[in-house]
Amino acid sequence: MLEIRHLKSLIAIAETGKLAHAAERVFLTQSALSHQIRVLENHYDTPLFQRTAHGIRFTPAGERLLALAREVLEAQEKAERDLIRLKSDQSGELRIVLECHTCFDWLTPVMDAFRRAWPEVELDLVAGFHSDPWHLLHEGKADLVIGSLPEKLRELSAIPLFKFEIMGVLPPEHELRNKPRLMAEDFAGQTLITYPVPEERIDVIRQVLKPAGIEFTRRTSELTIAIMQLVASRRGIAALPNWGIQSYVDHEYVIAKPIGRKGLWSELHALGMPDIMTRPYTQDLARIIRDTCLEKLSEIKLL
């Protein structure tokens, strides 16, 4: 009666805390996931969860099945990696370029998990800001780019990761502080603080400000913390991924507002040459990124 898919569902529920988010993670509708849980509860004749105001809490029976799920799935993943290693040599190197500079905030746990899973694969970061990170793949200077999709893949292969919301960032006393969301015209005459990358790679400029013909002043900084300090000291405003600013918002150094009526969303993909992207350890890195970020980052959506 108990199947691998049930175990994956239990872990998804534990890590997300909500049936709707867990269903998205295991590619089910919420009603289908609820039915799956009812089948298990009927089979074992005991409840697995309690629904509280703060989300879902596992019962002792649910905790026991959750422990089993983690043990079994970890063993399954290890066995599958070992089978791949036995079939062919899977040692190698992955040199990664990050187009999204706030990715550094979640990259460390991803790299730690990957190194435990693939100790024979050397994982390295290509340092610096690059105006065209995808060109490094063609030059053989990098193996993988984590970022948005370029207009043309240029013989590259992509693995979709997740989408996230870009928020407008203001000092707490800013004149726009009481607006529920920022529209294109709210940026007129403002100083926009960004990373030092071309304007066509900055979502708020490319998707919001340029189409509306908004005039603004631009200032750049390489570090997220420096951008936050500039915003907090009323030197300008910014537009950054929701996960990169959360701690600053929680400490009330800055405030965050959605951009546009439907919000401003961006996507992350893993891109590389086809031979690299089909390797098992590259595929596994993408899975680790998706799983780790879904657990640790708020309000993202898997692609």
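Structure: above.
Residues numbered from 1 in each chain as written. Predicted model: local features only at pLDDT ≥ 70, side-chain atom pairs only at ≥ 80, totals over all residues. Heavy atoms only, no water.

Looking at the layout of surface pockets
Moving on, step 1. The space that makes up the largest pocket amounts to roughly 1500 Å³.
Moving on, step 2. If you go around the largest pocket, you meet 39 residues; those closest to its centre are Glu77, Arg81, Arg287, Ile288 and Asp291.
Moving on, step 3. Among the secondary structure elements, those contributing two or more residues to the lining of the largest pocket are α1 (4-16), α4 (60-87), α5 (104-117), β6 (157-170) and α11 (280-296).
Moving on, step 4. If one sorts the elements of the lining of the largest pocket by residue count, α11 sits on top with 11 residues.
Moving on, step 5. Here the residues of the lining of the largest pocket sort into 17 nonpolar, three polar and 19 charged.
Moving on, step 6. Its volume calculated, the second largest pocket comes out at about 640 Å³.
Moving on, step 7. Every residue lining the second largest pocket is counted, 31 residues in all, and those nearest its centre are Glu99, Ser148, Arg201, Ile202 and Asp203.
Moving on, step 8. Counting only elements with at least two residues in the lining of the second largest pocket, the list comes to β6, β7 (191-194), α7 (203-212), β9 (238-241) and β11 (264-272).
Moving on, step 9. Here the lining of the second largest pocket is built from residues that sort into 15 nonpolar, six polar and 10 charged. (1 Å grid on protein atoms, 1.4 Å probe; cavity = no way out; pocket = protein on both sides within 12 Å on 5 of 7 lines; lining within 4 Å. Points joined across faces, edges and corners; volume = space filled by probe spheres on them. Helix = DSSP H or I, 4+ residues; strand = E, 2+ residues; numbered from the N terminus. Nonpolar A, V, L, I, M, F, W, Y, C, P; charged D, E, K, R; others polar.)

A closer look at the packing of aromatic side chains
The description of an aromatic ring pair uses the distance of the two centres, along with the angle that the planes make with each other.
Moving on, step 1. Taken as a whole, this structure holds six aromatic pairs when the rule is applied.
Moving on, step 2. Considering the side-chain rings of Phe49 and Phe58, the 4.7 Å spacing of their centres and the 75° angle between planes classify their relative orientation as edge-to-face. Assigned by exposure class, Phe49 and Phe58 land together as buried.
Moving on, step 3. Between Phe162 and Trp243 the ring centres are 5.9 Å apart and the planes differ by 70°, which places this aromatic pair in the edge-to-face class. Placement of the pair is Phe162 in strand β6 and Trp243 in helix α9 (residues 242-250), with a sequence separation of 81 residues. Across the pair, exposure class does not vary: Phe162 and Trp243 are buried alike.
Moving on, step 4. Its end group placed over the ring of Trp265, Lys301 keeps NZ or CZ at 4.8 Å from the ring centre. (Phe/Tyr/Trp six-rings, centres within 6.5 Å; stacked < 30°, edge-to-face > 60°. Buried < 20%, exposed > 50% of the residue type's maximum accessible area, 1.4 Å probe, protein only. Lys NZ or Arg CZ within 6 Å of the ring centre and 35° of its normal.)

All quantities given are derived from atomic positions and should not be read as evidence of function.
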